[in-house]
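Reading the structure
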Amino acid sequence: MKHLYLVRHGETLFNKRRKIQGWCDSPLTPLDIQQAKEVKEKLKKLNIPFDGFYCSTSERASDTLEIIVGENQPYIRQKGFSASINLVPVK
């Protein structure tokens with residue numbers, strides 16, 4: 001059985017300034033960078049084998065993913081996840 005693990009980027013500079021971000025990109029804050037490093041360590045302890053890594057086209061998403069899996073790990077930046085992936089509900 002395949003499992004899907006989802007991680008959302010954390011706090012960005014716009015979040016911290018209480019600005020609406022939308023499709024604009026703002027850099028990750030030190031808090032988000034630390035949180036991503038914590039996710040990396042937790043996943044490392046769980047020793048989960050991953051088949052692939054995907055993120056949206058936003059820099060904040062790819063920056064977060066690169067912190068978690070490492071900059072040398074290949075991944076796919078995907079635009080429009082909802083239109084391109086057939087998700088099956090878990091029962």
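Summary of the structure given here.

As a further point, take the side chain of Thr29. Within the fold, Thr29 resides in the loop between helix H1 (13-16) and helix H2 (30-46). Once residues within four sequence positions are removed from consideration, Thr29 is found in contact with Glu11, Thr12, Leu13 and Lys16.

Okay, the environment of Ile76 next. Among the secondary structure elements, Ile76 is positioned in strand S2 (residues 76-77). A relative accessible area of 41% means that Ile76 is categorised as partly exposed. Residues Ile76 and Cys55 lie 21 residues apart in sequence; the distance between their C-alpha atoms is 6.4 Å.

To describe a pair of aromatic rings, one takes the distance between the centres and the angle between the planes. For the structure on display, the rule yields 2 aromatic pairs. Ring centres of Tyr5 and Phe50 lie 5.6 Å apart, and the angle between their planes is 75°; this geometry places the pair in the edge-to-face category. In this pair, Tyr5 sits in the segment before H1 while Phe50 sits in the loop between H2 and strand S1 (54-55), placing the two residues 45 residues apart along the sequence. Using a relative accessible area of 44% as the deciding quantity, one classes Tyr5 as partly exposed.

Below, the discussion takes up unusual backbone geometry. With phi around 55°, Asn47 is a residue other than glycine that occupies positive phi space. By the element assignment, Asn47 lies in the loop between H2 and S1. Its relative accessible area of 65% is what places Asn47 among the exposed residues.

Quick notes on the rules
Residues numbered from 1 in each chain as written. Predicted model: local features only at pLDDT ≥ 70, side-chain atom pairs only at ≥ 80, totals over all residues. Heavy atoms only, no water. Helix = DSSP H or I, 4+ residues; strand = E, 2+ residues; numbered from the N terminus. Contact = heavy atoms within 4.5 Å. Buried < 20%, exposed > 50% of the residue type's maximum accessible area, 1.4 Å probe, protein only. Phe/Tyr/Trp six-rings, centres within 6.5 Å; stacked < 30°, edge-to-face > 60°.

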